[in-house]
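Each chain is listed here by its residues.
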Amino acid sequence: MDTDRIEGKTKEIEGEAQQKWGEAKDKARDTWEDVKDRGEDAVDEAEDHWDARDEKDDRVETSRSR
């Protein structure tokens, strides 16, 4: 009878450990996705900034050549 309880408790602890492992993996994946998204956003903003500067430079050059 004691072996059944021990075996049951062992299975319960294994299940809890698997649950915690799954949660840790999910959190790590979510954190990585957040970091990657912020990096992509920063690159997009920088590209937009440079595009706007290029357009401004083109307008200045066009007005000078007239």
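In this text the structure is predicted, and so the values were computed from the model without any measurement.

Enquirer: Can you explain the overall build of the chain? Please cite residues and give values.
Expert: Helix and strand counts for the chain stand at 1 helix and 0 strands. Here the chain holds 66 residues, and 0% of them are scored as buried.

Enquirer: Explain a negative patch on the surface to me, using residue names and the numbers behind them.
Expert: Residues Asp 34, Asp 37, Glu 40, Asp 41, Asp 44, Glu 45, Glu 47, Asp 48, Asp 51, Asp 54, Glu 55 and Asp 57 make up a contiguous surface patch of negative charge. Owing to a relative accessible area of 40%, Asp 44 belongs among the partly exposed residues under this scheme.

Enquirer: Can you lay out the pattern of salt bridges for me, pointing to particular residues and giving the numbers?
Expert: Tallied over the full model, the rule gives 5 salt bridges. Residues Asp 2 and Arg 5 are paired through a salt bridge, measuring 2.9 Å at the closest nitrogen-oxygen approach. Of this pair, Asp 2 and Arg 5 both sit in helix α1 (residues 2-65), separated by 3 residues, roughly a single helical turn. Owing to a relative accessible area of 48%, Asp 2 belongs among the partly exposed residues under this scheme. Between Arg 29 and Asp 26 there is a salt bridge, with its nearest N and O atoms 3.3 Å apart. Taken together, the positions of Arg 29 and Asp 26, both in helix α1 and 3 residues apart, correspond to about one turn of that helix. Residue class for Arg 29 comes out partly exposed when judged on its relative accessible area of 47%.

About the criteria used
Residues numbered from 1 in each chain as written. Predicted model: local features only at pLDDT ≥ 70, side-chain atom pairs only at ≥ 80, totals over all residues. Heavy atoms only, no water. Helix = DSSP H or I, 4+ residues; strand = E, 2+ residues; numbered from the N terminus. Buried < 20%, exposed > 50% of the residue type's maximum accessible area, 1.4 Å probe, protein only. Patch = residues over 30% accessible without salt bridge, like charges linked within 9 Å, V, L, I, M, F, W, Y side chains within 5 Å. Areas by Shrake-Rupley, 256 points an atom, 1.4 Å probe, with all protein chains shown as cover. Salt bridge = Lys/Arg side-chain N within 4 Å of Asp/Glu carboxyl O. Lys, Arg positive; Asp, Glu negative; His and termini not counted. Charge placed at Lys NZ, Arg CZ, Asp CG, Glu CD.

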